[in-house]
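Spelled out, the chains give:
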4 protein chains.
Amino acid sequence: MSDKTILLVPSPRQVADIFDADDLARLKALGNLVIQNDAAALTDAQFNDLAPNVEIIIGQIDLPRARLERAPHLRAIINVEGNFLPNIDYDYAMSRGIRVLNVSPVFAEPVAEAALGMAIDLARGISRSDRYFRNNTEKYGLDANRDAYSLHRQNIGFIGFGDLGRAIVPLLAPFNPTIRAFDPWLPADYIASFGCQAASLDEVLQQSQITFVVAGVTSQNQGFLGADAFASMPKGASLILVSRAGVVDFEAMLDAAESGHIRVATDVFPQEPVPADHRARRGDNVLLSPHQAGAMDEALRQIGKRTVADAELIARGLPPIMCKVAQPETVAMFRSKPVSKS
Amino acid sequence: MSDKTILLVPSPRQVADIFDADDLARLKALGNLVIQNDAAALTDAQFNDLAPNVEIIIGQIDLPRARLERAPHLRAIINVEGNFLPNIDYDYAMSRGIRVLNVSPVFAEPVAEAALGMAIDLARGISRSDRYFRNNTEKYGLDANRDAYSLHRQNIGFIGFGDLGRAIVPLLAPFNPTIRAFDPWLPADYIASFGCQAASLDEVLQQSQITFVVAGVTSQNQGFLGADAFASMPKGASLILVSRAGVVDFEAMLDAAESGHIRVATDVFPQEPVPADHRARRGDNVLLSPHQAGAMDEALRQIGKRTVADAELIARGLPPIMCKVAQPETVAMFRSKPVSKS
Amino acid sequence: MSDKTILLVPSPRQVADIFDADDLARLKALGNLVIQNDAAALTDAQFNDLAPNVEIIIGQIDLPRARLERAPHLRAIINVEGNFLPNIDYDYAMSRGIRVLNVSPVFAEPVAEAALGMAIDLARGISRSDRYFRNNTEKYGLDANRDAYSLHRQNIGFIGFGDLGRAIVPLLAPFNPTIRAFDPWLPADYIASFGCQAASLDEVLQQSQITFVVAGVTSQNQGFLGADAFASMPKGASLILVSRAGVVDFEAMLDAAESGHIRVATDVFPQEPVPADHRARRGDNVLLSPHQAGAMDEALRQIGKRTVADAELIARGLPPIMCKVAQPETVAMFRSKPVSKS
Amino acid sequence: MSDKTILLVPSPRQVADIFDADDLARLKALGNLVIQNDAAALTDAQFNDLAPNVEIIIGQIDLPRARLERAPHLRAIINVEGNFLPNIDYDYAMSRGIRVLNVSPVFAEPVAEAALGMAIDLARGISRSDRYFRNNTEKYGLDANRDAYSLHRQNIGFIGFGDLGRAIVPLLAPFNPTIRAFDPWLPADYIASFGCQAASLDEVLQQSQITFVVAGVTSQNQGFLGADAFASMPKGASLILVSRAGVVDFEAMLDAAESGHIRVATDVFPQEPVPADHRARRGDNVLLSPHQAGAMDEALRQIGKRTVADAELIARGLPPIMCKVAQPETVAMFRSKPVSKS
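Residues numbered from 1 in each chain as written. Chains lettered and ligands numbered in written order. Predicted model: local features only at pLDDT ≥ 70, side-chain atom pairs only at ≥ 80, totals over all residues. Heavy atoms only, no water.

With an unreviewed UniProt entry as reference, chain A is termed Phosphoglycerate dehydrogenase-like enzyme, source organism Silvimonas terrae. According to the UniProt record, the Sequence similarities (unreviewed entry) comment for chain A reads "Belongs to the D-isomer specific 2-hydroxyacid dehydrogenase family." (UniProt positions renumbered as here; feature names shortened; annotations may be inferred.)

Given below as structure tokens:
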């Protein structure tokens, strides 16, 4: 296989953060592994030199049509982050049958776990009671639970029902909830196959005591959850935001929490780090999580594992199955800025 | 059925907190329902007057042998709290075939949910990160997760494996953990039937990243988890205490948390309310829950439902199945003080 | 422990069928193990000789009050079959706090598996199509499935909801059925706690496409499922009988199958062996199972394991948990003849 | 939408078998629905007439490049059977971004159910005991179970781990088996994500008491399970064949069953109908199923539902999700003859 090249440009990550020795050995078994740690240093000259033999590109370098045309044997482009960047000519790549992948599935498991923890926290008042203890204002027993509720047999909603939503569903199963999910890209029967009910956005908002916002940002849905949406939720309902801050009107969300109408947990913010004097830092009905839901060491290790497993399949002429595969219909909608979940 | 009497002494609860109209109607269908709200006001004279016809006593009045002998038709005594008090002559009652019940099963579900929330909180640093946000000391992403871990595929331990432990197990199932349980009253095959491994106390402590303490206090196990136990846990391990404060050396537990060796979440305290200047209020590795895990409205409603369902069975000459049945071998060991979970 | 005696009378089984070397070693660790293989040979004289020191009796010897009175230290009587025979003075034993146990739980798992297999067989026409193949009358594909149905999302009923019924429920869970259960001894909330709906007998019969009959025979329910019951089932419905033949009018059941109104699978028969010319042997809508659902080697091994585990608990002064505990209210109703499931 | 055409050629099925009124109404809402029941009657002239406006073709008409080039707006080709036929120029279609789909997922559920029923049948001797009853040679209880085994905690194998295999796994979950799966197209981590272990073909054969053969036929695996494979299975092991007869050496399989080395259940045969004098019809260790595992009415209805749901998504510019999507890497390997599962 010495004539095949695997080009690895891990930036903004480090090779050692995502690939262990075994992963690298497996990549080397696929061909000539060329690692370029500094993406900015990858010149056209260097690219053009490698292009004739390159079979798989791991990383998120610019790949306009001109570059792709120089790589006649290219079979796959694997982004080691959880998004599809606008620096690739997807239409041309797909017409060539080049697979474009990202590693977003690795984040579903840790984010789902954190989302469940945040949901129980809001419903049962866990961090709030702890805070009251530290302020010597705690109450006990029934008095502490005046507005607590359970996840058991609860009405739970999902806004978005992609990998992340579907990773939360099994964690909720032992609570026997009724789950309504709004996802305009998915048929009702598909949602039903997970034991959930397809519903309109209004139905989810109005009928759910706990709502998980797990929709990615697309060119179509920025800020689509605003003051009206929050107002339509039941008094005391919980909102857990773990996908992208861009899908909500963040200030309106904080207003709804501040007024006591809803409780909010969020792992994402319009600006990170959050400004020191940001009002969110003082909310009693707010649980703040510093973009830590997905960024677990184990998720990084899974980036390497999934990347290598799919690279091996592709090298054998088989379809990838461990990474997220860019779909021709939708890839152009995910024009997220180059900031990954971790 | 007019000659049968059901004596209801709800103290320290209120009738309306635990029985709804339907529950009361069902009790009345079983006989003459006599409600005495003030337990202290139940004189021997009143008791003796009712005793000849009493079939079921709901409440926790004193029932020495002398009183029981006056109640030849008594079939059941149902405590509306989660314990068995020492004010009943259990040996005599059992020799008569009188069922003695309590409603502890109602607390298993809400406590299990809270325990899961607390476990995720400690493992993933949820309330701590929220607290840092409020102190403007939060870190983001991977930096926030330096010592975080997941429940997925984790080594999890149980100390005690009664109703409460067994209610936590299904909530953990989606995480595919390895669960070790120590319970000296239960055979290994019984624990195995729940997909868990019977283990010694040392094994549970040493091999579990997350340990749930769900043992009740008995005459034999007060303070049995002390400094040595906590020291034997892995560095960074989490301990979630949701049964009774009496089973741990509370100061040693706080020492172990303060030193950074372990993380602790506790719903119970040696003294409640906790003194205003108690050191626990300031711990960074401690999650404090003001005895709120079980005291949910729904649990109170279930007290009534379970009490009535078993009263109906007993009145029909059938064995009770919804409440906890006092066992002749062990009832004497549960000499807890008259303070219930809620 | 040399002064304590464990009396083991395994008849009608053999010691080696139910206890392995480890089991026997554990029994010997509890005291002086006396094995009397021939139950008939256990004379009053021998019994009286052992009685003063006997702590646990394993087997089903006659134990009238006169014998029990000679055994002041007796703590438990464990029947190594799945029933409670009428040769024990239960009232007296229970007034003494003597535990009376049987090993019926060991049969729940194998019988549930067989019951599921029989249900799929009837619904999908498995053995019938195989029979047609052997008669050269098979049809293919859709033509073979004209009256087939699935367990998925099906209406399924239980008549009886004891250990066996509750062992079938988890096997059905992946099919997402709606389960209705009729059991006059159980509260609706208890049945609901297994995700099933309590229903009347009529509701179960009329609304279930597949009905499992898992009720034991009691003094009250012999032959309670007759011609009217079968007629009330939907056309083409399946009945799976795996508990006792005595609960049905067997001839009426065969009539209903012969007419084509229902399909029947049965593991039990009024007379075993079934007479050579019995009409059941020729039915096209009948699946015949020669009392083989529970009699698996593994079940026999579990008899020993469960017996020993509970003997150990009882010897330590703890309540038994692995065997079926006779309940004072109901034990007298189970006056089954001394023929066990295996 | 009147300028868009949906061309429906249901052959070899009938429109009414797979689409109900609601399905057809939904198709009509997508454009001008043209139904041509007789595939043979679809002339080039008719095709060419429709081609300029056709957006979705439902059916399996010949689609060489010449025809595809005449259909510039074609977005999807949906086969209403469970395979990809060689009458489409896949490479060209894919370079155009045309989705090629089939409805194989509809068969996974009914086939999985039947496969489970057949596995329990072989393990527990259900149809065999029924046959013995009809021959008056049945034995009872333990005697009937001399070579029976359970699925509980069993070693179970899969040869192939596609849609069908993955539909069987959840049905087995309540039995807590150890599952090994051989699928050369799938990474070990993918198989592990379903709680199963990736294994070599030899490991699966040698270590499984029950093996499900669920591999499709490709150009690479015809007859790959032969005499050596069957000989390597444990004595008494069960083989359940529910995908395609072409993957086994059928005669060698029957030999292995006839010798008593293994038990075999098969839903597929090299020739259907099976010749009247075929030896398979007489085997005592064989369970014969006349290609009935998948051909359920409900599966046919799901063909329509899934087809319409994906047609709707595609019409909206979204990726399909309910049908099987042809993958560029593998579609050419599935050169099955035009005989569908039903």
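On we go from here.
Chemist: Where do I start with the overall build of chain A in this structure?
Modeler: For chain A, the helix and strand inventory stands at 14 helices and 13 strands. The principal-axis extents of the C-alpha atoms in chain A amount to approximately 70 × 45 × 35 Å. Among the 342 residues that make up chain A, the fraction classed as buried is 61%. Restricting to contacts in chain A with at least 6 residues of sequence separation, those with at least 24 account for 67%. (Helix = DSSP H or I, 4+ residues; strand = E, 2+ residues; numbered from the N terminus. Buried < 20%, exposed > 50% of the residue type's maximum accessible area, 1.4 Å probe, protein only. Contact = heavy atoms within 4.5 Å.)

Chemist: Looking at this structure, I do not really get the relation of the copies chain A and chain B. What am I missing?
Modeler: Two copies of one chain are present, and they are related through a rotation about an axis combined with an axial shift. Mapping chain A onto chain B calls for a screw motion: a turn of 180 degrees about the axis and a shift of 0.0 Å along it, with 0.0 Å RMSD after fitting. In short, the pair behaves as if placed about a two-fold rotation axis. (Least-squares fit on C-alpha atoms with pLDDT ≥ 70 in both.)

Chemist: I keep staring at the interface of chain B and chain C and nothing clicks. Help me out?
Modeler: Quoted interface sizes are often the accessible area lost when the parts come together. Tallying the contact residues gives 24 residues for chain B and 24 residues for chain C. Overall, the association of chain B and chain C removes approximately 2,000 Å² of surface from exposure, summing both partners, and the carbon and sulfur fraction of that is 63%. Linking chain B with chain C are two salt bridges. In this structure, B:E329 and C:R99 form a salt bridge, with 2.7 Å as the shortest nitrogen-oxygen distance. Across the chain B-chain C interface, the total number found is six residue pairs in polar contact (both at pLDDT 80 or more). Looking at the side of chain B that touches chain C, the elements with two or more residues in it are α5 (90-95), α10 (188-192) and α14 (297-315) of chain B. For the side of chain B that touches chain C, the element with the highest residue contribution is α14(B), accounting for three residues. Of the residues contributing to the side of chain B that touches chain C, the split by class is 15 nonpolar, four polar and five charged. (Buried area = accessible area lost by both parts, 1.4 Å probe. Salt bridge = Lys/Arg side-chain N within 4 Å of Asp/Glu carboxyl O. Polar contact = N/O pair within 3.5 Å; in protein donor to acceptor, adjacent residues only side chain to side chain. Nonpolar A, V, L, I, M, F, W, Y, C, P; charged D, E, K, R; others polar.)

Chemist: Help me out: how do you make sense of the packing of helix α6 (residues 105-124) of chain B against helix α9 (residues 163-172) of chain B in this one?
Modeler: Pairs of packed helices are described in terms of their axes, by the angle between the two and the distance that separates them. Residues and elements named next belong to chain B. Relative to each other, α6 and α9 sit at 45 degrees, their axes nearing to 8 Å. As far as their axial angle goes, α9 and α6 are oblique. α6 and α9 meet at a crossing whose hand is right-handed. Only D163, L164, A167, I168, L171 and L172 of α9 make contact with α6, whose side of the interface consists of P105, A108, V111, A112, E113, A115 and L116. For the contact of α6 with α9, the class distribution of residues is 11 nonpolar, no polar and two charged. (Axes fitted to C-alpha atoms, helices over the stretch in contact; angles between N-to-C directions. Parallel < 35°, antiparallel > 145°, perpendicular 65-115°, else oblique. Left-handed = near helix turned anticlockwise from the far one by under 90°.)

Chemist: Hey, could you run me through the side chain of A:D121 in this one?
Modeler: Mapped onto the fold, A:D121 is located in helix α6 (residues 105-124). Buried charged residue A:D121 carries no salt bridge. Nearest counter-charge: A:R131, at 7.1 Å. (Lys, Arg positive; Asp, Glu negative; His and termini not counted.)

Chemist: Before we go on, may I ask you to explain the arrangement of the chains in this structure?
Modeler: Separating chain A from chain C is a minimum C-alpha gap of 9 Å, and the two share no contact. Separated in space, chain B and chain D share no contact, their closest pair of C-alpha atoms being 9 Å apart.

Chemist: In this structure, what is going on with the sheet that holds strand β8 (residues 197-198) of chain C? I would like to understand it.
Modeler: In sheet architecture, strand pairing relies on hydrogen bonds along the backbone and comes in two forms, parallel and antiparallel. Residue and element names in this part refer to chain C. Read across the sheet, seven strands follow the order β8-β7-β6-β9-β10-β11-β12 without closing on themselves; strand pairing throughout is parallel. Among the strands making up the open sheet, the edge pair consists of β8 and β12 (286-288). Note: strand β9 (residues 210-213) against strand β10 (residues 237-241), four bridges, orientation parallel. Paired with T211 across the strands is L239, a residue of β10. Running at roughly 155 degrees to β10, helix α6 (residues 105-124) makes contact with β9, β10, β11 (262-266) and β12 of the sheet. Packed onto the sheet, helix α9 (residues 163-172) meets β6 (155-159), β7 (178-182) and β9 and runs at close to 165 degrees relative to β6. (Pairing = 2+ DSSP bridges.)

Chemist: Honestly, the pairing of strand β11 (residues 262-266) of chain A in this entry has me stumped. Any pointers?
Modeler: The two faces of a sheet get side chains in turn, since along a regular strand they alternate between them. All names here are of chain A. Counting buried residues along β11, five of its five residues qualify, which places the element largely inside the surrounding structure. The side-chain alternation of β11 yields two buried faces, one formed by I262, V264 and T266 and the other by R263 and A265. Bridge count for strand β10 (residues 237-241) against β11 is five bridges, and the pairing is parallel. Bridge pairing in β11 links I240 to A265. Regarding the hand of the β-α-β motif, the stretch spanning β10, helix α13 (residues 250-258) and β11 is right-handed. Pairing analysis gives three bridges linking β11 to strand β12 (residues 286-288), with the strands arranged parallel. (Right-handed = clockwise from strand over helix to strand, strands pointing away.)

Chemist: I'm lost on the pattern of salt bridges in this one. Help?
Modeler: Between side chains of opposite charge, pairing is possible as soon as their charged atoms come close. In the structure shown here, the tally under the stated rule is 96 salt bridges over all chains. When the shortest N-O distance is used, the salt bridge between A:E312 and A:R26 registers 2.8 Å. Of this pair, A:E312 sits in helix α14 (residues 297-315) while A:R26 sits in helix α2 (residues 21-28), and the two are 286 residues apart along the sequence. Overall, the relative accessible area of 22% leaves A:E312 in the partly exposed class. In this structure, B:E69 and B:R65 form a salt bridge, with 2.8 Å as the shortest nitrogen-oxygen distance. Here B:E69 pairs with B:R65, and both are found in helix α4 (residues 65-69), just four residues apart, close to one helical turn. We classify B:E69 as partly exposed; its relative accessible area is 44%.

Chemist: How do you make sense of the interface of chain A and chain B when you look at a structure like this?
Modeler: Counting residues at the interface gives 58 residues for chain A and 58 residues for chain B. Regarding the contact of chain A and chain B, the summed buried area is about 4,900 Å², with carbon and sulfur atoms giving 56% of it. At the junction of chain A and chain B, the tally comes to eight salt bridges. Taken together, the links from chain A to chain B amount to 40 residue pairs in polar contact (both at pLDDT 80 or more). Secondary structure elements with two or more residues in the side of chain A that touches chain B: α6, α7 (126-134), α8 (141-144), α9 (163-172), β12 and α14 of chain A. The greatest single-element share of the side of chain A that touches chain B, amounting to 10 residues, is contributed by α6(A). Grouping the constituent residues of the side of chain A that touches chain B by class yields 29 nonpolar, 14 polar and 15 charged.

Chemist: Is there a simple way to think about the packing of aromatic side chains in this case?
Modeler: Here a ring pair, both rings aromatic, is described through the centre-centre distance and the interplanar angle of the planes. Applying the stated criterion across every chain yields a total of 32 aromatic pairs over all chains. Considering the side-chain rings of A:F133 and A:Y140, the 6.0 Å spacing of their centres and the 90 degrees angle between planes classify their relative orientation as edge-to-face. On the basis of an interplanar angle of 65 degrees and a centroid distance of 5.2 Å, the ring pair of B:Y190 and B:F194 is categorised as edge-to-face. Its relative accessible area of 32% is what places B:F194 among the partly exposed residues. An aromatic cluster is present here, built from A:F158, A:F161, A:Y190, A:F194 and A:F212 joined pairwise through their rings. Looking at A:R67, its charged tip hangs above the ring of A:F47, at a distance of 4.8 Å from the centre. (Phe/Tyr/Trp six-rings, centres within 6.5 Å; stacked < 30°, edge-to-face > 60°. Lys NZ or Arg CZ within 6 Å of the ring centre and 35° of its normal.)

Chemist: How should I be thinking about the UniProt feature "domain: D-isomer specific 2-hydroxyacid dehydrogenase NAD-binding" (unreviewed entry) in chain A in this particular structure?
Modeler: The feature "domain: D-isomer specific 2-hydroxyacid dehydrogenase NAD-binding" (unreviewed entry), as annotated in UniProt, sits at residues 116-293 of chain A in this numbering. Taken as a whole, residues 116-293 of chain A contains 33% helix and 16% strand, while its terminal C-alpha atoms sit 11 Å from one another.

Chemist: Would you explain helix α13 (residues 250-258) of chain C in this entry?
Modeler: Given 3.6 residues to a turn, an α-helix orients residues that are three or four positions apart in the same direction. When α13(C) is considered as a whole, its buried residues turn out to be C:F250, C:A252, C:M253, C:L254, C:A256 and C:A257. Immediately downstream of α13(C), the backbone of C:G260 shows phi near 85 degrees, a positive value.

Chemist: Could you clarify how one ought to interpret the nonpolar core in this entry?
Modeler: A general trend in soluble globular proteins is that nonpolar side chains are found buried together. In terms of nonpolar packing, the biggest core is built from 136 residues, with C:F158, C:F212, D:F158 and D:F212 touching the most fellow members. Each residue touching C:F158, except ones within four places of it in the same chain, is listed here: C:G165, C:I168, C:V169, C:L172, C:I179, C:R180, C:A181, C:F182, C:V204, C:F212 and C:V214. (Core = buried A, V, L, I, M, F, W, Y, C linked by side-chain atoms within 4.5 Å.)

Chemist: Mind showing me how you'd approach the environment of B:V100 here?
Modeler: Residues and elements named next belong to chain B. Relative to the assigned elements, V100 resides in strand β5 (residues 99-102). As a C-alpha pair, V100 and P170 span 70 residues in sequence and 28 Å in three-dimensional space. For V100, the residues in contact, after removing those within four places along its chain, are I77, F84, I88, Y90, A93, K324, V325 and A326.

Chemist: How should I be thinking about the domain arrangement of chain A in this particular structure?
Modeler: Residues and elements named next belong to chain A. If you check the domain split of chain A, you get domain 1 (5-103 + 297-333) and domain 2 (107-288). With centres defined by C-alpha atoms, the gap from domain 1 to domain 2 works out at 34 Å. With eight residues of domain 1 at the contact, the number on the domain 2 side is nine residues. Regarding the contact of domain 1 and domain 2, the summed buried area is about 650 Å², with carbon and sulfur atoms giving 62% of it. Linking domain 1 with domain 2 are one salt bridge. Between D163 and K324 there is a salt bridge, with the nearest N and O atoms lying 3.4 Å from each other. For the side of domain 1 that touches domain 2, a count of residues per class yields four nonpolar, two polar and two charged. (Domains from an automatic or database assignment.)

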